[in-house]
Amino acid sequence: MAASMCDVFSFCVGVAGPARIAVEVRFVSSAKGKGLFATQLIRKGETVFVERPLVAAQFLWNALYRYRACDHCLRALEKAEENAQRLTGKPGQVLPHPELCTVRQDLHQSCPHCRVTYCSAECRLAAAEQYHQILCPGPSQDDPAHPLNKLQEAWRSVHYPPETASIMLMARMVATVKQAKDKDRWIRLFSQFCNKTANEEEEIVHKLLGDKFKGQLELLRRLFTEALYEEALSQWFTPDGFRSLFALVGTNGQGIGTSSLSQWVHACDALELKPQDREQLDAFIDQLYKDIEAATGEFLNCEGSGLFVLQSCCNHSCVPNAETSFPENNFLLHVTALEDIKPGEEICISYLDCCQRERSRHSRHKILRGR
């Protein structure tokens, strides 16, 4: 039961249909599976496509430690200065050029029932229409006995930072199907992601949960079933089906990182300043990052993961010709050409965490300006 290309491309943003996108999905080999190929010349620096995920979710420890993000699109909700104050542990930290912060807190909205926060009315409505009616705990948001809270607590007890997945991504997959009028369409879309053998699935689960993974996986399956069972997805709730679902998320989940501070730094890098002013601003930002590293370590971003149909078709290369990023400070994934890509050439990316690559971008900009 394969999804149509129109279904697959419908999650690309700002395009009318597949004819407007310069890529196609092809079968490569039994070892690699599918691959993404250019259908026309794509120039270095051009955006290959922009894609929104089928589902996305913030990592649970990340949310618990007050990395405030939109519950739908993961847009960072703190102003850049608030973000800097929390990450440095300095309540009095002041940022120059506050006008460069793009966070619009006047647009933020909350679910009227459980009070989770969204960056806008659009995100609140999108979540409600897709999955939140099923997942909203209402006034039981802080009740440890609520089935979803029990599931999340169990997940946090077996998957510690640095996080690479979230049980709530799987929960949103189920809730999306439960809420959907056309359940078969969503099941087809989720079936697009690559499947693994039983041994490969066990290896992925082992990496996510550790040595005691079999007992932990069964506990999570039981709690998952109690909270979310859906007849149309009954296979997902069996021991084998749940392991496969777990492996699907572990294999295909794309890390998402957002940061209002990072957005502010990018805006500072783009300022046209006198040399002395530029030197002072760069020195300030360098010291700010050192203070953050001393207080917080490497955990700078609001972080989560999402399932992207088209991006998941991109194979890994140690010398990629494209890269993924989240320049809009939300879950919209941009794939950008790192070099000219000819028609018929496969589009490959690096599976290294784009959040990690983002942390060094300011330093690279400085080096480039110095040449």
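Residues numbered from 1 in each chain as written. Predicted model: local features only at pLDDT ≥ 70, side-chain atom pairs only at ≥ 80, totals over all residues. Heavy atoms only, no water.

- Under an unreviewed UniProt entry, the name given to the chain is Protein-lysine N-trimethyltransferase SMYD5, and the source organism is Bison bison bison.
- The Subcellular location (unreviewed entry) field of the UniProt record for the chain holds the comment "Cytoplasm". (UniProt positions renumbered as here; feature names shortened; annotations may be inferred.)

Some remarks on the overall build of the chain
Item 1. Across its full length, the chain holds 14 helices and 12 strands.
Item 2. Each of the 371 residues in the chain was classed as buried or not, and the buried ones make up 50%.
Item 3. Expressed as a percentage of contacts within the chain between residues at least 6 apart in sequence, the contacts between residues at least 24 apart total 73%.
Item 4. A total accessible area of about 17,900 Å² is found for the chain, and carbon and sulfur atoms account for 52% of it. (Helix = DSSP H or I, 4+ residues; strand = E, 2+ residues; numbered from the N terminus. Buried < 20%, exposed > 50% of the residue type's maximum accessible area, 1.4 Å probe, protein only. Contact = heavy atoms within 4.5 Å. Areas by Shrake-Rupley, 256 points an atom, 1.4 Å probe, with all protein chains shown as cover.)

Brief notes about the pairing of strand β7 (residues 254-258)
Item 1. In terms of residue burial, β7 counts as a mostly covered element, since 4 of its 5 residues are buried.
Item 2. Pairing analysis gives 5 bridges linking β7 to strand β8 (residues 302-307), with the strands arranged antiparallel. Bridge pairing in β8 links G257 to E303. (Pairing = 2+ DSSP bridges.)

A word on the pairing of strand β11 (residues 333-337)
Item 1. Among the 5 residues of β11, 5 are classified as buried, and the element is accordingly described as predominantly covered.
Item 2. Going residue by residue along β11, you find L333, V335 and A337 tucked away on one face and H334 and T336 tucked away on the opposite face as well.
Item 3. Bridging between strand β3 (residues 47-51) and β11 involves 4 bridges; their strand directions are antiparallel. Among the inter-strand pairings, E51 is bridged to a residue of β11, identified as L333.
Item 4. In the sheet, strand β10 (residues 322-325) pairs with β11 via 4 bridges, with the strands oriented antiparallel. If you follow S325 over to β11, its bridge partner there is H334.

With respect to the packing of aromatic side chains
Item 1. By the definition in use, this model includes 10 aromatic pairs.
Item 2. A centroid spacing of 5.3 Å and a plane angle of 50° characterise the contact between F224 and F242, whose relative ring orientation is tilted. Of this pair, F224 sits in helix α9 (residues 213-228) while F242 is found in helix α10 (residues 239-252), placing the two residues 18 residues apart along the sequence.
Item 3. A relative accessible area of 0% places F224 in the buried class. (Phe/Tyr/Trp six-rings, centres within 6.5 Å; stacked < 30°, edge-to-face > 60°.)

What to know about α9
Given 3.6 residues to a turn, an α-helix orients residues that are three or four positions apart in the same direction.
Item 1. With 16 residues, α9 ought to run about 22 Å at 1.5 Å a step, and its terminal C-alpha atoms sit 21 Å apart, in line with that.
Item 2. For α9, the full list of buried residues reads F213, Q216, L217, L220, R221, L223, F224 and L228. (Expected span 1.5 Å × (residues − 1).)

With respect to the packing of helix α11 (residues 260-269) against helix α12 (residues 275-296)
Item 1. Running from amino to carboxyl end, α11 crosses α12 at an angle of 160°, the nearest separation of the two axes being 11 Å. The orientation of α11 relative to α12 falls into the category roughly antiparallel. Considering only the axes of α11 and α12, their crossing is left-handed. For the pair formed by α11 and α12, the contact residues are L261, W264, V265, C268 and D269 on the first element and R278, L281, D282, F284, I285, L288, Y289 and I292 on the second.
Item 2. For the contact of α11 with α12, the class distribution of residues is 10 nonpolar, no polar and 3 charged. (Axes fitted to C-alpha atoms, helices over the stretch in contact; angles between N-to-C directions. Parallel < 35°, antiparallel > 145°, perpendicular 65-115°, else oblique. Left-handed = near helix turned anticlockwise from the far one by under 90°. Nonpolar A, V, L, I, M, F, W, Y, C, P; charged D, E, K, R; others polar.)

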